[in-house]
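In case you want the letters, here they are:
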Amino acid sequence: MGAPSLRRVCAPWAPLLGQRLLGLSPMAGNAKTPAPVGPRQAQDKKARCGWQGGARIWEETEPQTKKLKSCGDGEPQRKLPKRKIVLLMAYSGKGYHGMQRNVGSSQFKTIEDDLVSALVRAGCIPESHGEDMRKMSFQRCARTDKGVSAAGQVVSLKVWLIDDILAKINSHLPSHIRILGLKRVTGGFNSKNRCDARTYFYMLPTFAFAHKDRDVQDETYRLSAETLRQVNRLLACYKGTHNFHNFTSQKWPWEPSAQRYILDMFCEEPFERDGMEFAVIKVKGQSFMTHQIRKMVGLAVAIVKGYAPEAVLERSWGEAKVDVPKAPGLGLVLERVHFEKYNRRFGNDGLHEPLDWAREEAEVAAFKEQHIYPTIVSTERHERSMAQWLTTLPVHDFSATAQATASPGAKAPSPQEGSEGDGDSD
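Residues numbered from 1 in each chain as written. Predicted model: local features only at pLDDT ≥ 70, side-chain atom pairs only at ≥ 80, totals over all residues. Heavy atoms only, no water.

A. Representation of the overall build of the chain. A count of helices and strands for the chain gives 14 helices and twelve strands. A burial count over the chain gives 45% of its 426 residues as buried. Contacts in the chain between residues at least 24 apart in sequence constitute 76% of all its contacts with a sequence separation of at least 6. Total accessible area on the chain stands at roughly 22,500 Å², and carbon and sulfur atoms take up 51% of it. (Helix = DSSP H or I, 4+ residues; strand = E, 2+ residues; numbered from the N terminus. Buried < 20%, exposed > 50% of the residue type's maximum accessible area, 1.4 Å probe, protein only. Contact = heavy atoms within 4.5 Å. Areas by Shrake-Rupley, 256 points an atom, 1.4 Å probe, with all protein chains shown as cover.)

Below, the structure is given as structure tokens:
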């Protein structure tokens, strides 16, 4: 059988037999041209041929691409350590709509807007983390209301530990917002969840305690020792666990979260500022609901002035709906947050410091004297927020005893005002 006949018979088996078995030359005219070499084949060939350092060339290909990408993203060429820290903050809240940032809303400026901007500009966090605060595991101890100040706010977050970090952050903050301290914490630390208690103080002119028959704007009024004892007797009634559903909004009396534990509450000795007498009420509790502290102060003032009977205090903790007045937000200040359990477990482990801020107390006191107290005094003198609020007390009906008769599955009542909180809200 000749070659042409053999080629016709065996043509279907050509792919299996191969060209050499059929007597065909590899260089025959009907041979197909080699397929073009793609990038992957070229990379494999580069790794095979020239074995000298071939493996090293293969390993370095990817890292080189990553380095170019990171440089293009604008990230630091020198990799900085990223650590979980807490910052001790002090700020005057006048002109701000609270502490918590409202991403995408430029209409209402908050303290966190200025803080995040300073962190980005100081080089502590990338710009993308400023846009999405969850990327830096940001958490505050307490949300403060519109106009409320703080002398001891604590926030936790992850940052690049750059040199002179506090000085650089503060250089991009206004003078009425300061970072006073920084400490390393455990990787899973959350400032809100780890906080055992919060201490606030409320600074108010003492004429707020004058009897209702007296002029509400009488700046010559001076708090007597007898009235101060009455105030402290009433404030001591708040201590312990009570149902504070009447001291906030959107809470039914049977909700477990309406139960709050107050560790201490008292009024300090009065003092004078710019010819006006002021007093400071301090309250320490595990946590506070929206407007709770301001309503606690408001009801105590209404009782001392003679607008409400003392019995209304006990009645406000029952199921009855009681009309509780809310004092102005101007004098409310977050003074300190407490981490007793964290300090007992990690404060002396040799790796972390206790979160007590003893070394920063002098700076905290100086900030209060320079920014918080003067703001409260001057604003009260010019805007008379307390004097104007006192004129609204006769409108409240403290004898109302409407029962909360709705079923537990009913929809919660709508809030009377906005959702800003004195402290942390559930």
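Next comes the rest of the description.
B. Just the pattern of salt bridges, in detail. Tallied over the full model, the rule gives 19 salt bridges. Between D113 and R101 there is a salt bridge, with its nearest N and O atoms 3.1 Å apart. You can see D113 sitting in helix α5 (residues 111-122) and its partner R101 sitting in the loop between β1 (82-91) and α5, a full twelve residues away along the chain. Residue class for R101 comes out partly exposed when judged on its relative accessible area of 22%. Here R233 and E310 are joined by a salt bridge, their closest N and O atoms 3.1 Å apart. Within this pair, whereas R233 is found in helix α9 (residues 225-236), its partner E310 is found in the loop between α10 (292-305) and α11 (311-315), the two being separated by 77 residues in sequence. A single salt-bridge network, built from bridges that share partners, covers E268, K282, E335 and K368. (Salt bridge = Lys/Arg side-chain N within 4 Å of Asp/Glu carboxyl O.)

C. Structural detail: the confidence of the model for the chain. Averaged over the chain, the pLDDT score is 81; the fraction of residues at 70 or greater is 74%. In this model residues 16-34 is a low-confidence stretch, pLDDT under 50, and it forms nine contacts with partners more than four residues away in sequence or in other chains. Note on residues 42-77: pLDDT is under 50 here. Beyond four places in sequence and across chains, it has eleven contacts. (pLDDT = per-residue confidence, 0-100.)

D. Quick peek at α10. When the terminal C-alpha atoms of α10 are compared, their 20 Å separation across 14 residues agrees well with the 20 Å that a helix rising 1.5 Å per residue should span. Phi for G306, located one or two positions after α10, is positive at around 100°. (Expected span 1.5 Å × (residues − 1).)

E. Quick peek at the packing of aromatic side chains. Applying the stated criterion across every chain, the model contains ten aromatic pairs. Both rings, one in F189 and one in F339, keep their centres 5.7 Å apart while their planes meet at 50°; by these two values the pair is tilted. On the criterion of sequence distance, the pair formed by F189 in the loop between β4 (177-184) and α8 (191-194) and F339 in the loop between β11 (332-338) and α12 (340-346) is long-range, its members being 150 residues apart. With respect to burial, F189 and F339 carry one shared label: buried. (Phe/Tyr/Trp six-rings, centres within 6.5 Å; stacked < 30°, edge-to-face > 60°.)

F. Molecular detail of the state of the cysteines. Per the stated rule, a full pass over the model turns up zero disulfides. Among the cysteines around C195, which has no disulfide bond, C141 carries the closest sulfur, lying 4.3 Å off. (Disulfide = S-S within 2.5 Å.)

G. Highlighting the environment of F288. Residue placement: F288 occurs in the loop between β9 (276-285) and α10. F288 gets classed as buried once you look at its relative accessible area, which sits at 0%. For the pair F288 and F247, spaced 41 residues apart in sequence, the C-alpha to C-alpha distance is 9.9 Å.

H. Structural detail: the side chain of T110. Tracing the backbone through its elements, the reader meets T110 in the loop between β1 and α5. The exposure class of T110 is buried, given its relative accessible area of 0%. Discounting residues that sit within four places of it in the chain, T110 has contacts with Y96, H97, G98, M99, Q100, R101 and N102.

I. Up close: the environment of D323. Along the chain, the position of D323 falls in the loop between β10 (320-321) and β11. A relative accessible area of 29% places D323 in the partly exposed class. Those residues in contact with D323 that lie beyond four places of it in its chain are H396, D397 and F398. In terms of polar contacts, D323 uses its side chain to reach the side chain of H396, at 3.0 Å. (Polar contact = N/O pair within 3.5 Å; in protein donor to acceptor, adjacent residues only side chain to side chain.)

J. Just unusual backbone geometry, in detail. For D274, which is not glycine, the phi torsion reads 55° and is therefore positive. One can find D274 in the loop between β8 (271-273) and β9. Although it is not a glycine, H291 sits at a positive phi angle of roughly 70°. Along the chain, H291 turns up in the loop between β9 and α10.

K. How the structure looks around the pairing of strand β5 (residues 197-205). Buried residues dominate β5, accounting for nine of its nine residues. Side chains A197, T199, F201, M203 and P205 project from β5 onto one buried face, and the interleaved R198, Y200, Y202 and L204 project onto a second face that is buried too. Sheet analysis places β5 next to β11, joined by six bridges and oriented antiparallel. Each bridged residue has a counterpart across the sheet, and for A197 the counterpart in β11 is H338. Sheet topology note: the β5/β9 ladder contains eight bridges and is antiparallel. Note on β9: the bridge partner recorded for Y200 is V283. (Pairing = 2+ DSSP bridges.)

L. Representation of the packing of α9 against α10 within the structure. Axis separation between α9 and α10 bottoms out at 10 Å; the angle between their running directions is 135°. Between α9 and α10, the crossing angle belongs to the class labelled oblique. In the packing of α9 onto α10, the handedness of the crossing is right-handed. Counting all contacts with α9, which are made through T227, Q230, V231, L234 and L235, the residues of α10 involved are A300, I303 and V304. Per-class residue counts for the contact of α9 with α10 are six nonpolar, two polar and no charged. (Axes fitted to C-alpha atoms, helices over the stretch in contact; angles between N-to-C directions. Parallel < 35°, antiparallel > 145°, perpendicular 65-115°, else oblique. Left-handed = near helix turned anticlockwise from the far one by under 90°. Nonpolar A, V, L, I, M, F, W, Y, C, P; charged D, E, K, R; others polar.)

M. Highlighting the side chain of D114. In this structure, D114 sits in helix α5. Residue classification places D114 among the buried positions, given a relative accessible area of 13%.

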